[in-house]
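Each chain, letter by letter, is given below.
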Amino acid sequence: MKTTLTVLAAAIAVLSSSLAQASCGASFCAVNSNWTAESALAESANAFDVRYEQMNQDQPMFGSRKVYPGEVPSHHDEVSTRNRNVMASYSHNFGNRFGVTVSAAAVQRDHLHIHNHHGEKITDTWKFTKLNDVRVIGRYRLLSVENPLKPASAGVTFGVKLPTGKFDIANAKDAMAPPT
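Definitions and cut-offs
Each chain carries its own residue numbering, running from 1 in the direction its sequence is written. This being a predicted model, a pLDDT of at least 70 is required before a residue's local features are given, and a value of 80 or more before pairs of side-chain atoms are given or counted; all residues contribute to the totals for chains, interfaces and linings. Excluded from the side-chain calculations are hydrogens and water; all other atoms, namely the structure's heavy atoms, are used. For this analysis, a salt bridge means a side-chain nitrogen from Lys or Arg found within 4 Å of a carboxyl oxygen belonging to Asp or Glu. Think of it this way: any DSSP run of H or I at least four residues long counts as a helix, any run of E at least two long counts as a strand, and we number them from the N terminus. The rule is simple: take the accessible area with a 1.4 Å probe, protein chains only, and divide by the maximum for that residue type; under 20% is buried, over 50% is exposed, in between is partly exposed. A pair of strands counts as paired when DSSP detects no fewer than two bridges linking them. Two rings from Phe, Tyr or Trp (for Trp, the six-membered ring) form a pair when their centres sit within 6.5 Å of each other. Planes less than 30 degrees apart are called stacked, planes more than 60 degrees apart edge-to-face, and all others tilted. Residues belong to a common nonpolar core when they are buried Ala, Val, Leu, Ile, Met, Phe, Trp, Tyr or Cys residues joined through side-chain atoms within 4.5 Å. Whether two residues are in contact is decided by their heavy atoms, any of which lying within 4.5 Å being enough. Patch criteria: residues need more than 30% relative accessible area and no salt bridge. Like-charged residues are merged within 9 Å; nonpolar side chains of Val, Leu, Ile, Met, Phe, Trp and Tyr are merged within 5 Å. To be clear on the numbers: accessible area is Shrake-Rupley with a 1.4 Å probe, and residue cover counts the displayed protein chains and nothing else.

Draft legend 1. Fine view of the pattern of salt bridges. Following the criterion strictly, the structure yields 5 salt bridges and no others. The residue Arg84 makes a salt bridge to Asp110 at a minimum N-O spacing of 3.2 Å. One end of the pair, Arg84, is in strand E4 (residues 76-94); the other, Asp110, is in strand E5 (residues 98-117), and 26 residues separate them in sequence. The partner of Lys161 in a salt bridge is Asp133, and the shortest N-O contact between them spans 3.7 Å. Linking Lys161 in strand E8 (residues 152-162) with Asp133 in the loop between strand E6 (120-131) and strand E7 (134-145), this pair joins segments that are 28 residues apart in sequence. A relative accessible area of 54% places Lys161 in the exposed class. Relative accessible area serves as the criterion here: at 25%, Asp133 is assigned to the partly exposed category.

Draft legend 2. Local environment of the pairing of E5. Where E4 and E5 come together, 18 bridges link them in antiparallel fashion. For Thr81, the partnering residue across the bridge sits in E5 and is His111. Connecting the antiparallel pair E4 and E5 is a turn made up of 3 residues, with Gly95 showing a positive phi of about 75 degrees. Pairing between E5 and E7: 6 bridges, direction antiparallel. When the sheet's bridge partners are listed, Val102 is paired in E7 with Val136. Note: E5 against E6, 12 bridges, orientation antiparallel. Residue Gln108 lies in a different strand from E6, and its bridge partner there is Thr129. Where E5 hands over to E6, the hairpin turn is made up of 2 residues, of which His118 adopts a positive phi near 50 degrees.

Draft legend 3. Structural context of the packing of aromatic side chains. Counted according to the given criterion, the structure contains 2 aromatic pairs. On the numbers, 5.5 Å between centres and 25 degrees between planes, the contact of Phe94 with Phe98 is stacked. A residue is classified by how much of its surface remains accessible, and Phe98, at 29% relative accessible area, is partly exposed. A ring pair is formed by Phe98 and Phe158, whose centres lie 6.4 Å apart and whose planes are at 20 degrees; its orientation type is stacked.

Draft legend 4. Here's a closer look at the nonpolar core. Listed in full, the 6 residues of the largest apolar core are Val107, Trp126, Phe128, Ile169, Ala175 and Ala177. Setting aside chain neighbours within four positions, we find Ala177 in contact with Trp126, Phe128 and Ile169.

Draft legend 5. Up close: unusual backbone geometry. Although it is not a glycine, His118 sits at a positive phi angle of roughly 50 degrees. Take His118: it is sitting in the loop between E5 and E6.

Draft legend 6. Representation of a nonpolar patch on the surface. Judged by side-chain polarity, Tyr140, Leu142, Leu143, Val145, Val156 and Phe158 come together as a nonpolar surface patch covering roughly 520 Å² of accessible area. Secondary structure elements with two or more residues in the nonpolar patch: E7 and E8. Looking at the nonpolar patch, the element that brings in the most residues is E7, giving 4 residues. Positionally, Val145 belongs in strand E7.

Any functional reading would require information beyond the geometric quantities listed.
This is how it looks when you write it as structure tokens:
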């Protein structure tokens, strides 16, 4: 029964995803400190999670107003950035108190901006697919209230980000890419 419900829920999610729309603010936030943000696990188990997000940033803004590239004087005029990210995570909980998650993300990025150099407009573009930093996050639950009407918990999250991602990506003109 549980397997049937899981398959049914996955099928509904896949079929309805073509109707979904979201802004870049709706993408997964890797900084979320909720106990279950890294994994839905609350008891002893393993989980593997793969997420895909796409963010098109092709409308420059100045405050809440739409602007055209070059309308606001700047050293660089941002024209467009398109990120496609795949994040994979593996989580394991040891009982209901301690858990660990290892996650890695790959980013495919297309970026275009205009460099304003002494009155000359130089177009810079970057297109690359790279692995980002790998993160290892530990969780320790200090307190858990098992009241189904008012569940609550308190704990500590700690971790390390391993410097596996590239930060020195250059384009054909040897210009360094803005950080992802």
